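# Structural overview
Chain by chain, the residues run as shown.
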Amino acid sequence: MNIQIFTPLNSLLQSIFIVFFVVVVVRGRSSNTSFDVCEQFEPKNCGKGPNINYPFWILNSNNSHCGNPKFAVTCDEQNHTIIDLSGEEYIIKDVFYSNNSFLIANSKVYNDLFTYNYTCPIPLHNFTLNDTPFEYSPSTFDIFFFYNCTQNPIDPAYNIPCENNNNSSLHSFVVYHEEKLLHNNFSIESCESLVNAPIEAADISVLLNMNFTDVLRNGFVLQWNDSLCSRCVRSGGDCRYNSTGEFICSCSGQSHSETCPENGKSLIYKSRLFKFKFIYLNIS
């Protein structure tokens with residue numbers, strides 16, 4: 001049995017491939033420069049509160065591509081982490097990355113406690129999750145604020161005397177179930193406005209021993225679905241977003257739309273297969 005290996009041709013092809021491989025790697029590292037910037041400039045927290053990791057990112061001029069555009073957060077003067085939702089600022093009190101959820105509280109209500117303003121912090125418009133990637137947790141539900149009502153309610157959960165415009169004939173209050181008012185023949189039309197606000201509680205009886213500001217300061221939990229990133233991570237990649245807000249799975253310096261190449265085959269592994277094909281065996 002004679003084995004003939006065409007060494008000159010094989011060596012030439014290997015040299016060509018090495019040059020090609022180096023160019024690809026350099027290009028890949030160059031294209032990944034923006035992702036390196038994410039690691040270099042992205043703050044981990046605002047000073048108070050949880051560490052901020054993907055999909056959240058702290059907004060500044062250097063890292064607009066580092067996270068999901070709808071997960072951008074900022075830092076306030078008290079070093080709290082802030083997210084804008086439903087036209088208001090909410091403090092992120094904690095993030096539970098293991099189950100894709102986070103705890104937030106209205107910043108006006110929360111800060112009022114620590115600045116000792118006590119300016120009757122109340123929600124002034126309905127909270128909504130429209131145009132966001134979030135949804136309520138199973139233990140989150142709404143309470144209802146009725147403002148400046150001419151009719152006196154029966155057995156409200158909380159009274160809000162600071163919102164009656166110094167008019168003793170008007171009534172502002174909070175209830176847990178709007179249906180209870182209707183059952184007691186209360187006319188909602190007698191109120192100047194009605195606002196819903198989400199709260200977090202597995203047991204309403206616990207809330208009844210608190211005032212309404214403490215209930216709001218406790219905050220509520222929102223969830224997000226990030227199955228796309230999960231698939232990317234399972235394939236060996238890192239989750240990123242480009243400058244146009246499109247998801248990118250970064251795989252060893254190369255960008256892919258969803259996941260890394262099948263089976264996670266690297267360029268080095270492919271190069272070995274490529275080189276082997278140019279060894280000619282003559283078996284006789």
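For the structure, check the block above.
The numbers attached to residues start from 1 for each chain and follow its sequence in the written order. The predicted nature of this model means local features are confined to residues of pLDDT at least 70 and side-chain atom pairs, given and counted, to a pLDDT of 80 or more, with totals for whole chains, interfaces and linings taken over all residues. Hydrogens and waters are ignored; side-chain quantities use all the structure's heavy atoms.

### Here's the deal with the pairing of strand 12 (residues 238-241)
- Strands pair, by our definition, only if DSSP identifies at least two bridges between them. Only DSSP runs of H or I with at least four residues qualify as helices, and only runs of E with at least two residues qualify as strands; both kinds are numbered from the N terminus onward. Examined bridge by bridge, strand 12 and strand 13 (residues 247-251) share four bridges and lie antiparallel to one another. Bridge pairing links Y241 to F247 in strand 13.
- Count of turn residues in the strand 12/strand 13 antiparallel hairpin: five residues, of which G245 carries a positive phi of about 85 degrees.

### As for the sheet that holds strand 14 (residues 254-256)
- The strand order 12-13-14 describes an open sheet built from three strands, whose pairing is antiparallel. The open sheet terminates on both sides in strands that have one partner only, identified here as strand 12 and strand 14. Sheet twist, expressed as the mean angle between neighbouring strand axes with direction ignored, is 40 degrees.
- Contact between two residues is taken to exist if any of their heavy atoms lie within 4.5 Å; hydrogens are not considered. Axis definition: a line fitted to C-alpha atoms, over the contacting stretch in the case of helices. Angles run 0 to 180 degrees between N-to-C directions. The strands touched by helix 7 (residues 227-234) within the sheet are strand 12 and strand 13, with strand 13 carrying the most contacts at an inclination of about 10 degrees.

### A few points about the sheet that holds strand 11 (residues 220-224)
- Taken together, seven strands build an open sheet; the order of strands is 1-2-3-4-5-11-6 and the sheet is mixed. Only two strands of the sheet have a single neighbouring strand rather than two, namely strand 1 (57-58) and strand 6 (134-136).
- In this structure, strand 3 (residues 81-85) lies alongside strand 4 (residues 88-96), joined through four bridges in antiparallel fashion. Bridge pairing links L85 to E88 in strand 4.

### A short note on the state of the cysteines
- Sulfur atoms of two cysteines make up a disulfide when they are within 2.5 Å. Within the structure shown, the criterion is met by five disulfides.
- Each sulfur in the disulfide pair C46 and C75 lies 2.0 Å from the other. Here the disulfide of C46 and C75 is left-handed, its torsion about the S-S bond being about -75 degrees. One end of the pair, C46, is in the loop between helix 2 (33-41) and strand 1; the other, C75, is in strand 2 (residues 72-75), and 29 residues separate them in sequence.
- Partly exposed residues are those whose accessible area sits between 20% and 50% of the maximum for their type, while under 20% is buried and over 50% is exposed, using a 1.4 Å probe and protein chains only. For C46, a relative accessible area of 7% corresponds to the buried category.
- Shown here is the disulfide that connects C251 with C260, its sulfur atoms set 2.1 Å apart. Taking the sign of the S-S torsion, -95 degrees for the link of C251 and C260, the bridge is left-handed.
- Looking at C251, the relative accessible area reads 7%, which means it is buried.

### Remarks on the pattern of salt bridges
- Here a salt bridge means any side-chain nitrogen of Lys or Arg lying within 4 Å of a carboxyl oxygen belonging to Asp or Glu. Applying the stated criterion to the full structure yields one salt bridge.
- Here D214 and R217 are joined by a salt bridge, their closest N and O atoms 3.2 Å apart. One end of the pair, D214, and the other, R217, are both in helix 6 (residues 212-218), three residues apart, so they sit about a helical turn from each other.
- Given a relative accessible area of 29%, D214 falls into the partly exposed group.
- Judged by relative accessible area, R217 falls into the buried class, the value being 7%.

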